[in-house]
Amino acid sequence: MSRIPEAFADGPAFVPYLAAGDPSYEASVEYVEALERGGADLVELGLPFSEPIAEGPTIQEAVVRALEGGMTPTRFFEFVEDLDVSVPLVCMTYYNLIYQFGRRETGEPGPEPFVRRAAEVGIDGFVVPDLPAEEAGPLRAACDEHDCDLVFIVAPTTRGERLERIMEQVSGYVYVQARLGVTGARADVSDQTAESLSRLSRWDVPKAVGFGISSGENARDVVAAGADGVIVGSALVDIVAEGVEEDADATTVAERLEATARELKEGALAGENVTGPERT
Amino acid sequence: MSTGTFGRYGGQYVPEALMPALEELEDAYERYVLENEDGFLDDFEERIRDFGGRPTPLQHAEQLSARYGADVYLKREDLLHGGAHKLNNALGQVLLAKYMGKERIIAETGAGQHGTATAMAAAHLDMPCEVYMGRRDTNRQRPNVFRMRLNGATVTPVDTGRGTLKEAISETMRDWATTVETTHYVIGSVVGPHPFPAMVRDFQSVISREARAQIQEQAGRLPASVVACAGGGSNTMGAFAEFVDDEEVALFAVEAGGSSLQVDEAAGVAPNSASLSTGSEGVLHGARTKLLQDGDGQIVESHSVSSGLDYSGVGPELAYLVDEGRVTPVNVDDDDALAGFHRLSQEEGVIPALETAHAVAWLEDATPEQLGDCVVLTVSGRGDKDLESVIEETAKRDVPNAPEMDVFGGGL
Ligand SMILES: Cc1ncc(COP(=O)(O)O)c(C=O)c1O
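Keep in mind that what you see is a predicted model, and the values were worked out from it rather than measured.

### Description of the domain arrangement of chain B
Residues and elements named next belong to chain B.
- What the domain assignment reports for chain B is domain 1 (19-50 + 86-200) and domain 2 (58-83 + 205-396).
- Domain 1 and domain 2 are separated by 22 Å when their C-alpha centres are compared.
- Listed by partner, the interface residues are 32 residues for domain 1 and 36 residues for domain 2.
- Summing the contributions of domain 1 and of domain 2, the shared interface buries around 2,600 Å²; its carbon and sulfur component is 53%.
- Looking at the side of domain 1 facing domain 2, the largest losses of area belong to Arg140, Arg162 and Lys166, adding up to 22% of the total buried there.
- Viewed at the interface, domain 2 and domain 1 are joined by 3 salt bridges.
- In this structure, Lys166 engages Glu301 in a salt bridge whose closest nitrogen and oxygen atoms are separated by 3.3 Å.
- Where domain 1 meets domain 2, there are 14 residue pairs in polar contact (both at pLDDT 80 or more).
- Elements with a minimum of two residues in the side of domain 1 that touches domain 2: α4 (86-100), α5 (113-124), α6 (135-140), α7 (142-150), α8 (165-179) and α9 (196-204).
- Sort the elements by how many residues they give to the side of domain 1 that touches domain 2 and α8 lands first, with 6 residues.
- Class assignment for the residues of the side of domain 1 that touches domain 2 results in 12 nonpolar, 11 polar and 9 charged.

### Concerning the interface of chain B and chain A
- Contact residues are listed per partner, giving 37 residues for chain B and 39 residues for chain A.
- When chain B packs against chain A, the two sides together hide about 3,200 Å² of surface, and 50% of this comes from carbon and sulfur.
- When residues of chain B are sorted by the area they lose upon contact with chain A, Glu16(B), Arg174(B) and Asp296(B) head the list and together hold 22% of the total.
- At the junction of chain B with chain A, the criterion picks out 6 salt bridges.
- The tally of links between chain B and chain A comes to 23 residue pairs in polar contact (both at pLDDT 80 or more).

### Comments concerning a negative patch on the surface
Residue and element names in this part refer to chain A.
- Taken together, the side chains of Glu61, Asp238, Glu242 and Glu245 define an acidic patch exposed on the protein surface.
- Ranked by residue count, the leading element in the negative patch is helix α11 (residues 234-246), at 3 residues.
- Turning to its location among the elements, Glu245 is positioned in helix α11.
- With a relative accessible area of 73%, Glu245 lands in the exposed category.

Reading the values: rules and limits
- Residues numbered from 1 in each chain as written.
- Chains lettered and ligands numbered in written order.
- Predicted model: local features only at pLDDT ≥ 70, side-chain atom pairs only at ≥ 80, totals over all residues.
- Heavy atoms only, no water.
- Domains from an automatic or database assignment.
- Contact = heavy atoms within 4.5 Å.
- Buried area = accessible area lost by both parts, 1.4 Å probe.
- Salt bridge = Lys/Arg side-chain N within 4 Å of Asp/Glu carboxyl O.
- Polar contact = N/O pair within 3.5 Å; in protein donor to acceptor, adjacent residues only side chain to side chain.
- Helix = DSSP H or I, 4+ residues; strand = E, 2+ residues; numbered from the N terminus.
- Nonpolar A, V, L, I, M, F, W, Y, C, P; charged D, E, K, R; others polar.
- Patch = residues over 30% accessible without salt bridge, like charges linked within 9 Å, V, L, I, M, F, W, Y side chains within 5 Å.
- Areas by Shrake-Rupley, 256 points an atom, 1.4 Å probe, with all protein chains shown as cover.
- Lys, Arg positive; Asp, Glu negative; His and termini not counted.
- Charge placed at Lys NZ, Arg CZ, Asp CG, Glu CD.
- Buried < 20%, exposed > 50% of the residue type's maximum accessible area, 1.4 Å probe, protein only.

This is the structure:
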């Protein structure tokens, strides 16, 4: 069984993202563990793909660093096995890597071997930003077979029939994209969040909001607007990038990540206590 | 549930934010392009004639015919406004965007020909236009960068990766994901998510529609073979579309063999762009198609002396037609392409784009059985944009039929 429901069981979840292997395998292991100490309820681990079309510059550069550091799907599975964390883990990657792993294992491309292996090492679910509901049939089937969840992104542009189609397929949580565009930290959190959440009010999966959240205050606002979780990527990847630029040691960077994680988690918790008109 | 597939290829592999825009585009494509709503096609035909200069001639190439012992005809897309077949698609899509009420045009470009065509079409139809181009390509194709800017477009260099078309496409998709509500992305080839591959093919199929009628009028018959260069495949699909049902016409897609057909997995580089001949099935830039990738599914960088062919993927319909055995993929390396460039220039007085030069060069390799007695070759574009590269690349190697290069001094 996927452990994802545990992440959302006790109040608002803090869901950080890091690119696995950025900037090196060893440092990255430390960073993920630091996030858990800082209060992560679930971690999204990016498996780097050479053409990350849904990412902004911050994560794109992280992907380049991780690839240069030697991250591959096979190394990724080792990475997950090496992690000493107890929170649920979601693999975030692009479809071609999932699809080609099948060719490697069986001679024919297809998603099942990747999902099987991921489930074995302790991955609970997947986010695949270039795989819309229309194309997700084979991956959905493999996830069902191996008790993994398949998370879908709902964008500000998603409406009508598309919402229904996604609702039928989504499990674990729904990733609510707070604004149009690609990933990247922003100072404010869009009004679109509340509007997007209201469109999903009937959905019975947790709603985690991401794209642009960078501070405890943002996290608080998003939860106050009705989110069940906050997803934070670029703001954390920025800390890793800074460490690379300053040539800081991994322990220092891990401490910074832990502190920022704590601030974000506390922000999310504070959002739960906001009452009155702000809470929708 | 997948839509817009060609056998196992095609589909729509894009971020969710773009899916509604693809639905909107599919609807517009069906209404305006397939059903001629509001007289869209009449408007398009008038503009591609008066602004674009269609129809382009089908020229009997006398020296090549003598050389190969077959009647060789050149479909002269180099004479289209802008100097390449790219205007057929760019004008079609910019006009469609206008009919759809979009306010802004974005595009990516490799050789700069698609960017130039889009910038021209956008200026013609009074739409603001931004073109993404790999940094390396901006250096290789300076005349086209200047032409785009002359037409009022913003050219944005892309520094990621090797700075070629693949990176420019990724960057344009990022822009589109941010601005999708007001912006139309004019994809430059028969690649990307549905409906782009079908729609771009339809706009480009004017090439084979004209060529088919012209050859019947001029030669009183269908050709034995059609030869066209393939990067993303828009020239190829345009040249083949109206012949696909004529089983007796052989179709040859000429890819860039670069410097070698081997992939260097460790470096993540393919020293070629021959995805039809050497690639494997995968998912890139919105479609399932044949790709240059490593064993893990990471996309490897392609290479070609010609920036318009320098792409790691290819159109899904072309991949399908190759699997079906209807289209034969062949390739020509950088050295031979340069020889082809000089040959067409000397023998026929037509200076081809380096992309086209690959198709010309393949005539040397082809067997008489493959070519048959009557050949149509599309001159997809003219070579003015490539002169700097040709001077530099010719000086680097021994091209037997090149003019004396010393007079150009120090390689330039
Ligand atoms: C003159 C010319 N021919 C061919 C191509 C290759 O593209 P496609 O295969 O889409 O026709 C290009 C691309 O820029 C081009 O400029």
